[in-house]
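Fold and contact review
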Amino acid sequence: MPPTLRRITAIVPLHLEVLAGRDALDRPVRWVAVSELEDPTPFLEGGELVLTTGMRLSGGDAVPYVSRLVARGVTGLGFGVGLSHDAVPPAFAEAAEAAGLPLVEVPRATPFIAIGKAVSDLLAGEQYEEISRAFAAQGRLTRAALQRQGPVAVVDRLAREIGGWALLLDPAGDVRHAADATGRHAGPGDKHAGPGDSRGAAGDWAGEAARSLAPEIARLRSAPSLASLALSTPDEHVVVQPLGRRGFFAVGSPRPFSPVAHTVVNAAGSLLTLALEQGREQRSAAARVRSAVLRLLLAGETRAAAETLAALGLRLPGEPVTVLACDTSDPEALTEALTGAAPGPRGASAAVTTFTASWDELLVVLAPDAHADEVVALAAQHGRVGVSAPGVEIVRSESRVDSRVDSRVEPAAAGPADRGAPRPLPATGPDRVSDHVSDRVSDRAFDRGPDRLSDRIPDRVPERVPDKALAAALDRALDQARRALVSASPVARFSELAGRGLLSLLDPAAAASFAAAILAPLREYGSRADLVESLRAYLASNGHWDAAAQRLGVHRHTLRYRMKRVSELLGRDLDDPAVRAELWIALCL
């Protein structure tokens, strides 16, 4: 903040004497202007200490001269004596006192340039202090960003630095985290919004603030380039900035933002953007791992899948699941919503153990049956959802795995310290079941002595065998979900699809062979157009061109051309109800 006139007049070497306007000495002095003009106001901006010797002024000019200075917003008037006037004309003192303008007498021995230098030094000192405060605040923000929950810690720190509140918003403008350092929003019904709160839960005030900013967020989202905005009301000043394309943050303060505050806000924006972008890379890597885990599950390698997830601190649902095939424009946002990966308040389903993985441009979700409806409702907010039949078992209990392994090894005598303490299988890492069995065999054999070693080694050490039954069940459920997705608007369940009762009576192997044979010409067609999915949408829409084309996202003429090609490749008339029924059955298998 610029130095006040009181501070300047207190500088002893200047020997300044206040003659009028003592009540206004706390006004800031932004610069010193020397002028001998009768009307210097055209050359002033306001906030200056005007210095004059009164060369062209007389007592009769006092009132109009002082009035012009007051109207321009001048901080004070310094009248130099000993040249044009031996003393300050009393009329100037009276006019200044009446107008509330500080009037300072400058003695002959004090050059105007000395006053200018003194003010300049004070301004430079203030600027240095502001820069120092900004650097210190940036350091505290940077240390906050290095914490485990970096974005949350940065928002909390930012609220304290500006003495206001701060919101971290997702791309849709919903609150991820809120912090309030004013204390105005804390109350009996809002325990999460007190000063210094760092628990990541936003109170009602945060939601209301986010909703009030929704129109401005929409403007920023639709802007061709990244931009920030500032809003001011009599009671509050708000700044909103985008965080790349990963979201927004808003800060509010009861006081106008100083240059230091703006610097702190900009630094916080940079740190938040960097943290979210780095988090994006980590999430991308985790998504690739989850896709690999899904491939392991479909290959029957359940334990390898569980061990891989455990390395990420995650786990598979232990109970039977329902499989969801989700067609969404933002798989990452849906994954965060389902897993609670993003900080901030979430729905009830955020606490449910779900598994998500990308698969053929879809997001596959394995949701426990008990919470499937919650997960489906949440997923439907992000796009279209196909839902399989429930009751899909994806893992077997550890006890069943252990029993299969231990049945290959005869129990050996154990010492007192070993009785009742079986050695557990390793939970993570590359260790194989056979390694564990070998260790157990060797240890127990040597405990009994070398003469019984041959009795302790089994004929064959079992290897980890893929669980084909679990893999087949998951594959069927995934296929069901994908088939249901074709009819989703926004949700479709496989159990509700017409014809499922009839299809359940068919022999699976024979039906699969029939479907593969009848659809082979379409799958082998070399065009980029997916004729199989186009045919599925056409039949699911009961032959209505507009509905089917809208479902596929293509023009109806494009769909007509595809169906003509399908008819030619299959050698069948798609207007024949029997042909349609046969093809629909093939598509559902």
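See above for the structure.
Residues numbered from 1 in each chain as written. Predicted model: local features only at pLDDT ≥ 70, side-chain atom pairs only at ≥ 80, totals over all residues. Heavy atoms only, no water.

Another point: the overall build of the protein chain. Scanning the protein chain from terminus to terminus reveals 21 helices and 15 strands. For the protein chain, the residues scored as buried account for 44% of the 589 residues in total. Of the contacts made within the protein chain by residues no fewer than 6 positions apart, 65% connect residues no fewer than 24 positions apart. With an accessible surface of roughly 30200 Å², the protein chain has 53% of that area assigned to carbon and sulfur atoms. (Helix = DSSP H or I, 4+ residues; strand = E, 2+ residues; numbered from the N terminus. Buried < 20%, exposed > 50% of the residue type's maximum accessible area, 1.4 Å probe, protein only. Contact = heavy atoms within 4.5 Å. Areas by Shrake-Rupley, 256 points an atom, 1.4 Å probe, with all protein chains shown as cover.)

The tally for this structure, following the rule as stated, stands at 16 salt bridges. The salt bridge partner of Arg 157 is Glu 161, with a shortest N-O separation of 3.1 Å. Placement of both Arg 157 and Glu 161 in helix α5 (residues 150-162) is noted, with a separation of 4 residues, approximately one turn of the helix. In this structure, the salt-bridge partner of Glu 216 is Arg 219, at a minimum N-O distance of 2.6 Å. Note that Glu 216 and Arg 219 are positioned in helix α7 (residues 214-222) at a spacing of 3 residues, about one turn of the helix. (Salt bridge = Lys/Arg side-chain N within 4 Å of Asp/Glu carboxyl O.)

Turning next to the packing of aromatic side chains. Enumeration according to the criterion identifies 4 aromatic pairs in this entry. Note on Trp 165 and Trp 205: the rings are 6.3 Å apart at their centroids and 65 degrees apart in plane angle, and the pair reads as edge-to-face. Of the two residues, Trp 165 sits in strand β6 (residues 165-169) while Trp 205 sits in helix α6 (residues 204-212), which places them 40 residues apart along the sequence. Between Tyr 538 and Trp 545 the ring centres are 4.9 Å apart and the planes differ by 35 degrees, which places this aromatic pair in the tilted class. Exposure remark for Tyr 538: the relative accessible area of 2% places this residue in the buried category. Judged by its relative accessible area of 22%, Trp 545 is partly exposed. An aromatic cluster of three or more residues is present, and its members are Tyr 65, Phe 79 and Phe 92. (Phe/Tyr/Trp six-rings, centres within 6.5 Å; stacked < 30°, edge-to-face > 60°.)

Let us now look at the sheet that holds strand β15 (residues 491-493). Reading across the sheet, the 5 strands line up as β12-β13-β11-β14-β15 and stay open at both edges, with mixed pairing between neighbours. The strands lining the two open edges of the sheet, one partner per strand, are β12 (355-359) and β15. Each strand axis lies, on average, 20 degrees off the axis of its neighbour in the sheet, ignoring direction. Examined bridge by bridge, β12 and strand β13 (residues 362-368) share 5 bridges and lie antiparallel to one another. The partner of Ala 357 across the bridge, within β13, is Val 364. On top of the sheet, helix α15 (residues 468-486) reaches β11 (321-328), β12, β13, β14 (383-387) and β15; it is set at about 40 degrees to β11, its chief contact. (Pairing = 2+ DSSP bridges. Axes fitted to C-alpha atoms, helices over the stretch in contact; angles between N-to-C directions.)

Across the sheet, which stays open at both edges, the 5 strands sit in the order β1-β5-β4-β3-β2 with mixed pairing between neighbours. At either margin of the open sheet sits one strand with a lone partner, and together these are β1 (17-20) and β2 (31-34). Taking each pair of neighbouring strands and ignoring which way they run, the sheet shows an average axis angle of 30 degrees. Alignment of strand β4 (residues 76-80) against strand β5 (residues 103-106), held across 4 bridges, turns out to be parallel. Residue pairing across strands places Gly 80 opposite Val 106, the latter belonging to β5.

With that settled, consider the environment of Leu 531. In this structure, Leu 531 sits in helix α18 (residues 531-540). In this structure Leu 531 comes out as buried when scored by relative accessible area, which is 3%. Taking the C-alpha atoms as reference points, Leu 531 and Arg 565, 34 residues apart in sequence, are found 8.4 Å from one another. Residue contacts for Leu 531: discarding those within four places in its chain leaves Leu 522, Tyr 525, Arg 562, Arg 565, Val 566 and Leu 569.

So, on to helix α20 (residues 556-570). Here α20 spans 21 Å end to end across 15 residues, near enough to the 21 Å set by a 1.5 Å rise per residue. Every buried residue of α20 is listed here: Leu 559, Arg 562, Met 563, Val 566 and Leu 570. Considered in projection along α20, the buried side chains sweep an arc of 100 degrees and stay on one side of the axis. Directly after α20, the chain includes Gly 571, whose backbone phi takes a positive value near 65 degrees. (Expected span 1.5 Å × (residues − 1). Arc of directions from axis to C-beta.)

Moving on: unusual backbone geometry. In this model, Ser 489 is joined to Pro 490 through a cis peptide bond whose omega is -5 degrees. Its location among the elements puts Pro 490 in the loop between α15 and β15. Even without a glycine there, the phi angle at Asp 360 is positive, about 50 degrees. Among the residues examined, Asp 360 registers a relative accessible area of 51% and is labelled exposed. Despite not being glycine, Glu 361 shows a phi value in the positive range, around 65 degrees. Topologically, Glu 361 is positioned in the loop between β12 and β13. The class for Glu 361 is exposed, based on a relative accessible area of 79%.

One can find Lys 468 in helix α15. Here the alpha-carbon distance between Lys 468 and Glu 301, two residues 167 residues apart in the chain, equals 8.7 Å.

This brings us to the environment of Asp 327. Relative to the helices and strands, Asp 327 is located in strand β11. Between the C-alpha atom of Asp 327 and that of Ala 380, which follows or precedes it by 53 residues, the distance is 9.4 Å.

A few words on the side chain of His 237. Looking at the element boundaries, His 237 is found in strand β9 (residues 237-242). In terms of polar contacts, His 237 uses its side chain to reach the side chain of Ser 232, at 3.1 Å. (Polar contact = N/O pair within 3.5 Å; in protein donor to acceptor, adjacent residues only side chain to side chain.)

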